[in-house]
Amino acid sequence: GAVLREENRKFLKHSGIVVYLRAQVRDLYHRTRHDKNRPLLQTADPQAKLRELFGQRDPIYRQLADIIMDTGDQNIHVLVRRLIQKLTDGQVQNMQTLTVDLGTRSYPIHIGSGLLQQAPLILPHLAQKRVAIVTNTTVAPLYLEQLSNTLSQQGVSVLPIILPDGEAYKNSETLNQIYNALLENRCERKTTLIALGGGVIGDLTGYAAATFLRGVPFIQVPTTLLAQVDSSVGGKTGINHPLGKNMIGAFYQPQLVLADTGTLNTVGDRELAAGIGEGIKYGLMSDVPF
């Protein structure tokens, strides 16, 4: 009955991949007919009650689930192998989900390989089926088409915004390029901005989202280790000023952080070392075992 509450359904969708182990009423009755610890089934006709509950809940389960497994009388080991195969086919391997707990502004951080191809992880966080993907000239040839195709196949309209690469472009002129593209294409308050790139792209896109139309939703898809462990988390957004770095900005939380570790295959040694160094710094500051 947990899925009958909207807040539970939202929590499930935000926390990872939802698997529905679906059984027919006859199988449910066979499994539960001797179970005295199910108060809803302590009636004169438990099978009729099961049919009623199934009719009420099955549509909700099916709408909620990313993967549906029909169970029947199959051996549990067979079911587990089938589920592993489905997850492997979808390239969701060893995904972990953390939650940034900020009350109504809470959001999940999904970490794993192949996540750019997982539309079910992104779609629940879109206010409408229209997004603008902000990236740069280095990342676009590598991952823009992959992410765009994932969304387009689900009926999502994608506006690509490709910026020059480098810290030197983290300024008001580049920020205006984002605004110009959004305005020229008549983007709305429900249009989600997706930051696909490293820390510069994340900061620029986040600040654009915080200020365009006084605030639109955005998603962080960090493609460097430094961005995955640092700049994509915590809502830090902004641009540089000639008189100082990150002097103009806002704290504005994303709807989702999607850290696809597969993107680290194209990160150079220097950038990888910078990310590892940042992680070590956190350990030295606050987490001895880590």
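Structure: above.
Trainee: What is the right way to read a nonpolar patch on the surface from this model?
Mentor: Residues Ile-76, Val-80 and Ile-84 make up a contiguous nonpolar surface patch of roughly 270 Å² in combined accessible area. Residue position: Ile-76 is located in helix H4 (residues 76-89). Ile-76 sits in the exposed class, given a relative accessible area of 54%.

Trainee: Before we go on, may I ask you to explain the pattern of salt bridges in this structure?
Mentor: Once the charged atoms of two side chains with opposite charge are near each other, the side chains can pair. All chains considered together, the criterion is met by 10 salt bridges. Between Glu-167 and Lys-245 there is a salt bridge, and its shortest N-O distance comes to 2.7 Å. With Glu-167 in the loop between strand S6 (157-163) and helix H7 (172-184) and Lys-245 in strand S10 (residues 244-251), the pair connects residues that are 78 residues apart, well separated along the chain. Judged by relative accessible area, which is 37%, Glu-167 ranks as partly exposed. Each of the salt bridges in this network shares a partner with another, and the network as a whole consists of Arg-22, Asp-58, Arg-62 and Asp-70.

Trainee: Looking at this model, I keep getting lost on the nonpolar core. Mind explaining?
Mentor: One broad rule of soluble globular proteins: the nonpolar side chains tend to lie buried together. Grouped together as the largest cluster of nonpolar side chains are 23 residues, with contacts concentrated most on Ile-161, Leu-163, Leu-175, Ile-178, Leu-182, Leu-193 and Leu-204. At the level of secondary structure, the elements contributing two or more residues to this core comprise strand S5 (130-136), S6, H7, strand S7 (192-197) and helix H8 (199-211). Here this core gets six residues from one element, more than from any other, and that element is H8. Contacts of Leu-204, omitting those with residues within four sequence positions, involve Leu-163, Tyr-169, Lys-170, Asn-171, Thr-174, Leu-175, Ile-178, Gly-238 and Ile-239. In this structure, Leu-116, Leu-144, Val-156 and Leu-196 belong to the second largest nonpolar core, which totals 20 residues.

Trainee: What should I look at first to understand the environment of Ser-232 in this one?
Mentor: Within the secondary structure layout, Ser-232 lies in the loop between helix H9 (225-231) and strand S9 (236-241). By relative accessible area, which is 2% here, Ser-232 ends up buried. Along the sequence, Ser-232 and Gly-206 sit 26 residues apart, while their C-alpha atoms lie 9.2 Å from each other. Ignoring anything within four residues of it in the chain, the contact list for Ser-232 reads Gln-220, Pro-222, Ala-227, Pro-254 and Val-257. Within the structure, Ser-232 has its side chain in polar contact with the backbone oxygen of Ala-227 (distance 2.7 Å).

How each quantity is defined
- Residues numbered from 1 in each chain as written.
- Predicted model: local features only at pLDDT ≥ 70, side-chain atom pairs only at ≥ 80, totals over all residues.
- Heavy atoms only, no water.
- Patch = residues over 30% accessible without salt bridge, like charges linked within 9 Å, V, L, I, M, F, W, Y side chains within 5 Å.
- Areas by Shrake-Rupley, 256 points an atom, 1.4 Å probe, with all protein chains shown as cover.
- Salt bridge = Lys/Arg side-chain N within 4 Å of Asp/Glu carboxyl O.
- Helix = DSSP H or I, 4+ residues; strand = E, 2+ residues; numbered from the N terminus.
- Buried < 20%, exposed > 50% of the residue type's maximum accessible area, 1.4 Å probe, protein only.
- Core = buried A, V, L, I, M, F, W, Y, C linked by side-chain atoms within 4.5 Å.
- Contact = heavy atoms within 4.5 Å.
- Polar contact = N/O pair within 3.5 Å; in protein donor to acceptor, adjacent residues only side chain to side chain.

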